[in-house]
Amino acid sequence: MARLEVLLTLSLVVLASGQKKRKPIVTSLNAKWANTPLLLEASEFLDTESPDYFWSFVSALSEAGPLLGRTDQEQYTALLEVAAKSLSPAQLDILKFSLSLRTESPKVEMHSHLARDRGVPSLSCSPVYDHGQQLSCQLPALKATDKKAVTYDIDHIYPGAFTEETPEVILYGEIGSSGLASAHKQLAELAREGGVKYILRHFVDRELDSLVRLSGYGVELRSEEHTSELQSPLQS
């Protein structure tokens, strides 16, 4: 009887030990591009709702002072406070959900791709002005020219009074930076006066090493499922 009790005890110990080792195997997917700032992703969400929301967001953050030196939580709180001035509570909840899923990150990366193709990083400054197909670190003297840049659906064009003869400037910079805030104020005023066609493209002039995590694409396997898959014969 004592021997049976010992055997039962040992069996329970082995069983418990085996169960403890069964840990889930979690995998996740990352995008091929570097992490994109949430301020930029939020601006793209607002643009989808209305271009006016986008420009109100940019202008408000430009008046708020530099944000890049703040913590991620402080930036997140600031962007929500500004976005709430344009969005309803329900839309604000959708924005939060969108930021958690990183749904606007591909758009921001498309802007970065355009900047790299244009050679913007080679100037080693931010923001960068593109006028008459010439890049510069300072706003150049504006003049009418036949050398117009190719624009895309993702471009953000300030709603000013411009014509085909109006000088055009593409501004590459990062929303929330002091450089873009100053440049935006200057170009927005000129655009309202009809002195320039102002186009804004996202450009992040700093290293972001981590990759964007693609939320919703993770896979979790329990150890017994994983073992079963490994031991299953291959289908020919």
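Residues numbered from 1 in each chain as written. Predicted model: local features only at pLDDT ≥ 70, side-chain atom pairs only at ≥ 80, totals over all residues. Heavy atoms only, no water.

Chemist: Please give an account of unusual backbone geometry that cites residues and values.
Modeler: A negative phi angle characterises most non-glycine residues, just as the trans form characterises most peptide bonds. Of note, the bond from S126 into P127 is cis; its omega dihedral lies within 30 degrees of zero at 5 degrees. Tracing the chain through its elements places P127 in the loop between α6 (105-118) and β3 (128-131). Unusually for a residue other than glycine, R102 sits at a positive phi of about 60 degrees. Following the sequence through the fold, R102 ends up in the loop between α5 (89-101) and α6. (Helix = DSSP H or I, 4+ residues; strand = E, 2+ residues; numbered from the N terminus.)

Chemist: Describe in detail the pattern of salt bridges, supporting the description with residues and values.
Modeler: A side chain of one charge can pair with a side chain of the opposite charge when the charged atoms of the two come close. Under the definition given, this model contains 7 salt bridges. One salt bridge in this structure joins K107 and E104, with 3.2 Å as the shortest N-O distance. Note on K107: relative accessible area 28%, which makes it partly exposed. The salt bridge partner of D155 is R201, with a shortest N-O separation of 2.6 Å. Placement of D155 in the loop between β4 (134-136) and β5 (156-157) and of R201 in strand β7 (residues 197-202) is noted, with a sequence separation of 46 residues between them. Both residues of the pair, D155 and R201, count as buried. (Salt bridge = Lys/Arg side-chain N within 4 Å of Asp/Glu carboxyl O. Buried < 20%, exposed > 50% of the residue type's maximum accessible area, 1.4 Å probe, protein only.)

Chemist: Which residues make up the nonpolar core, and what are the values?
Modeler: Ranked by internal contacts, the top residues of the largest apolar core, which has 35 residues, are F57, L79, L95, L171, Y198 and L200. Only α2 (38-49), α3 (51-63), α4 (72-83), α5, β6 (168-173), α7 (178-192) and β7 provide two or more residues apiece to this core. Contact partners of Y198, with chain neighbours within four places excluded, come to W55, H156, I157, Y158, V169, L171, H184, L187, A188 and A191. Counting residues in hydrophobic clusters, the runner-up holds 8 residues, among them V120, V128, I170 and F203. (Core = buried A, V, L, I, M, F, W, Y, C linked by side-chain atoms within 4.5 Å. Contact = heavy atoms within 4.5 Å.)

Chemist: Can you tell me about the pairing of β3, naming the residues and giving the values?
Modeler: What you see with β3 is no split at all: V128 and D130 on one side and Y129 and H131 on the other are buried throughout. The sheet contact formed by β3 and β6 spans 3 bridges and is antiparallel. Residue pairing in the sheet places Y129 in a bridge with L171 of β6. In this sheet, β4 lies alongside β3 in antiparallel orientation, the contact comprising 3 bridges. Bridge pairing in β4 places H131 opposite Q134. Connecting the antiparallel pair β3 and β4 is a turn made up of 2 residues, with G132 showing a positive phi of about 60 degrees. (Pairing = 2+ DSSP bridges.)

Chemist: I'd like a description of the sheet that holds β6, backed by residues and values.
Modeler: With mixed pairing, 5 strands are arranged side by side in an open sheet as β4-β3-β6-β7-β5. Of all strands in the sheet, those with a lone pairing partner are β4 and β5, marking the two edges. Across the sheet, α3 lies against β5 and β7, angled at about 80 degrees from β7, the strand it touches most. Packed onto the sheet, α7 meets β3, β6 and β7 and runs at close to 160 degrees relative to β6. (Axes fitted to C-alpha atoms, helices over the stretch in contact; angles between N-to-C directions.)

Chemist: Pulling in residues and values, what's your account of the packing of aromatic side chains?
Modeler: As enumerated under the stated definition, the model contains 4 aromatic pairs in all. Plain terms: the ring middles of F54 and W55 are 5.0 Å apart, the flat faces sit at 85 degrees to each other, and that makes the pair edge-to-face. Exposure class is identical for F54 and W55. Each is buried. Aromatic side chains Y158 and Y198 sit 5.8 Å apart centroid to centroid with 25 degrees between the ring planes, which places their arrangement in the stacked category. Placement of Y158 in the loop between β5 and β6 and of Y198 in strand β7 is noted, with a sequence separation of 40 residues between them. Residue Y158 is classed as buried on the basis of its relative accessible area of 10%. Look at Y198 and you get buried, because its relative accessible area is 0%. Put simply, the rings of F54, W55, Y158 and Y198 pair up and form one aromatic cluster. (Phe/Tyr/Trp six-rings, centres within 6.5 Å; stacked < 30°, edge-to-face > 60°.)

No statement about biological role is implied by the geometric values presented.
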